Protein chains: 2
Amino acid sequence: MIRIIIAEDQRMLRGALGSLLNMEDDIEVIEEVGNGEEAYNTVINLEPDVCLLDIEMPIKSGLEVAEDLMRIGSPSKIIILTTFARPGYFKRAVNAGVHGYVLKDGSSDELAEAIRNVMKGKREYAPELVFGSLQGDNPLTEREKEVLRLVAEGKTAKEISQELYLSSGTVRNYISEAINKLNVKNRIEAIAVAKEKGWM
Amino acid sequence: MIRIIIAEDQRMLRGALGSLLNMEDDIEVIEEVGNGEEAYNTVINLEPDVCLLDIEMPIKSGLEVAEDLMRIGSPSKIIILTTFARPGYFKRAVNAGVHGYVLKDGSSDELAEAIRNVMKGKREYAPELVFGSLQGDNPLTEREKEVLRLVAEGKTAKEISQELYLSSGTVRNYISEAINKLNVKNRIEAIAVAKEKGWM
DNA sequence: GAACAATTATGACAAATGTCATCACATATT
DNA sequence: AATATGTGATGACATTTGTCATAATTGTTC
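Residues numbered from 1 in each chain as written. Chains lettered and ligands numbered in written order. Predicted model: local features only at pLDDT ≥ 70, side-chain atom pairs only at ≥ 80, totals over all residues. Heavy atoms only, no water.

## Quick look at the protein's contact with DNA strand D
And step 1. Of all residues adjacent to DNA strand D, which total 18 residues, the nearest are Thr141, Arg143 and Tyr174 of chain A together with Arg172 and Arg187 of chain B.
And step 2. Counting only atoms of DNA strand D within 4 Å of the protein, the sugar-phosphate share comes to 60%.
And step 3. Here Thr141 of chain A contributes a side-chain N or O atom positioned 2.6 Å from a phosphate oxygen of DNA strand D.
And step 4. Separating a phosphate oxygen of DNA strand D from a side-chain N or O atom of Arg187 of chain B is a distance of 2.3 Å.
And step 5. Listing elements by their share of the surface near DNA strand D, those giving two or more residues are helix 7 (142-152) and helix 9 (168-182) of chain A together with helix 9 (168-182) of chain B.
And step 6. Sort the elements by how many residues they give to the surface near DNA strand D and helix 9 of chain B lands first, with 5 residues. (Near = heavy atom within 4 Å. Polar contact = N/O pair within 3.5 Å; in protein donor to acceptor, adjacent residues only side chain to side chain. Helix = DSSP H or I, 4+ residues; strand = E, 2+ residues; numbered from the N terminus.)

The following block contains the structure:
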């Protein structure tokens, strides 16, 4: 019997997946949680065979949870389950060492199969991501990302400079660099592109 | 037996909900579709008792489908099923005359209950939305919304003016008006607020 | 018919944004 | 030692953005 936990913030999907996976003869859903923090604690306490992690969750993202769990050497297998086919997310997940990366665009049967395969020691990566990730590394530096995140909240250069203890000119330089690297024409497009690629 | 169709673009949720609802003794899922156009055609062809509609779908949004179906006097009951607790969406749905508005934050059992209630002639509206919608009408005019949508794509005032055959000064006036009405400080925040409230 | 809102425009102004060159410093890499 | 990269800064400049006053036109409502 494969013992799994599901971490997914959308209650309806979480419940539905839980019910369906529980009907499989060889799978047992031992816990369902709705945010990253609970996910982390539950994996440590219950040591499930497999942990399904959504990426965009409150408190802590699934990627952070995966990174933290791998770092402390958790024995549970981790499968990222997400809508987002973003190369940046995928790369980060693979880097962290997750055992699977499955898109919500598939069926729940495929998910069950992925769980079984991972238990057999295989890695299950969504094929469309494997190709896509061969090209296009995140060109943004840590500082540029940080600034861009604040820009995305609608903050002005001056506000950002105060928040990060920089001169406003420096902030503008970072934004300008980001616009240049992302090959777009203004901050709004920069935000859009960075988000789409999973580079924020 | 209640005959229903499910229109939802996320395959995993669609499949999972389909399986679960089909297990209910009194519900039969006769069709599942993944976009608004198919949803519209399928309702007309199959005349289900109930049609579950996601809002954000390709080609045609669930709100548009609901409006079109009500306009031609379709006998099928319509339930909007969405993540978004946005007053703007809710109001538009109620205005169109939908029979239910259920959030994906609930359980699939609640959804099944909502379906049964709607079949009994009741209306099923997520309670948090009913209160929320008492205040806060969309203050933006048609033109302001249109301009804001283009701003959200990262277009400059000049580009928008060319696209809409306006002077760039006029475009700036509209954006300025929107910023003022939404009580924010720049276009980026205006986009965020308008999206959050469902006013775009 | 008067009042009102929506659409469109212009001109003027201040503030924010984006670009560029250029510099300094620290830390890796070769 | 030389080179490259990331961080941080300054100054100058052109462009864009945001604000405000003002006004013509149209359609709707009282």
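## Comments concerning the pattern of salt bridges
All names here are of chain A.
And step 1. Applying the stated criterion to the full structure yields 36 salt bridges over all chains.
And step 2. Between Lys104 and Glu8 there is a salt bridge, with its nearest N and O atoms 2.9 Å apart. With a gap of 96 residues between them, Lys104 in the loop between strand 5 (100-103) and helix 5 (108-119) and Glu8 in the loop between strand 1 (2-7) and helix 1 (11-23) connect regions that are remote in the sequence.
And step 3. Residues participating in the shared-partner salt-bridge network are Glu24, Asp26, Glu113 and Arg116. (Salt bridge = Lys/Arg side-chain N within 4 Å of Asp/Glu carboxyl O.)

## Considering the relation of the copies chain B and chain A
And step 1. With an RMSD of 0.1 Å, chain B superimposes on chain A once it is rotated by 180° and translated 0.1 Å along the axis. Between the two chains, the operation in question is that of a two-fold axis.
And step 2. In this assembly, 100% of the residues forming the interface of chain B have copies in chain A that are likewise at the interface, indicating an isologous arrangement. (Least-squares fit on C-alpha atoms with pLDDT ≥ 70 in both. Contact = heavy atoms within 4.5 Å.)

## Thoughts on the sheet that holds strand 6 (residues 124-125) of chain A
Residue and element names in this part refer to chain A.
And step 1. In space, the 6 strands of this open sheet follow the order 2-1-3-4-5-6, with parallel pairing throughout. Edge positions in the open sheet fall to strand 2 (27-33) and strand 6, since each of these has one partner strand only.
And step 2. Taken together, the 4 bridges between strand 3 (residues 50-53) and strand 4 (residues 77-82) define a ladder with parallel strand orientation. Paired with Cys51 across the strands is Ile78, a residue of strand 4.
And step 3. In the packing of helix 2 (residues 36-46) onto the sheet, the strands contacted are strand 1, strand 2 and strand 3, and the crossing angle to strand 2 comes to about 140°.
And step 4. Lying over the sheet, helix 4 (residues 87-96) contacts strand 4, strand 5 and strand 6, oriented at roughly 155° with respect to strand 5. (Pairing = 2+ DSSP bridges. Axes fitted to C-alpha atoms, helices over the stretch in contact; angles between N-to-C directions.)

## Comments concerning the interface of chain B and chain A
And step 1. Counting residues at the interface gives 32 residues for chain B, matched by 32 residues for chain A.
And step 2. Between chain B and chain A the total buried area reaches about 2,300 Å² when both faces are included, carbon and sulfur atoms providing 64% of it.
And step 3. Contact with chain A buries area across many residues of chain B, yet Gln10, Met12 and Ile188 of chain B alone supply 31% of it, more than any other trio.
And step 4. Between Lys185 of chain B and Glu159 of chain A there is a salt bridge, and its shortest N-O distance comes to 3.4 Å.
And step 5. Scanning the region where chain B abuts chain A turns up 14 residue pairs in polar contact (both at pLDDT 80 or more).
And step 6. Secondary-structure elements contributing two or more residues to the side of chain B that touches chain A are helix 1 (11-23), helix 5 (108-119), helix 7 (142-152) and helix 10 (187-197) of chain B.
And step 7. Take the side of chain B that touches chain A: its biggest share by element is 8 residues, from helix 1 of chain B. (Buried area = accessible area lost by both parts, 1.4 Å probe.)

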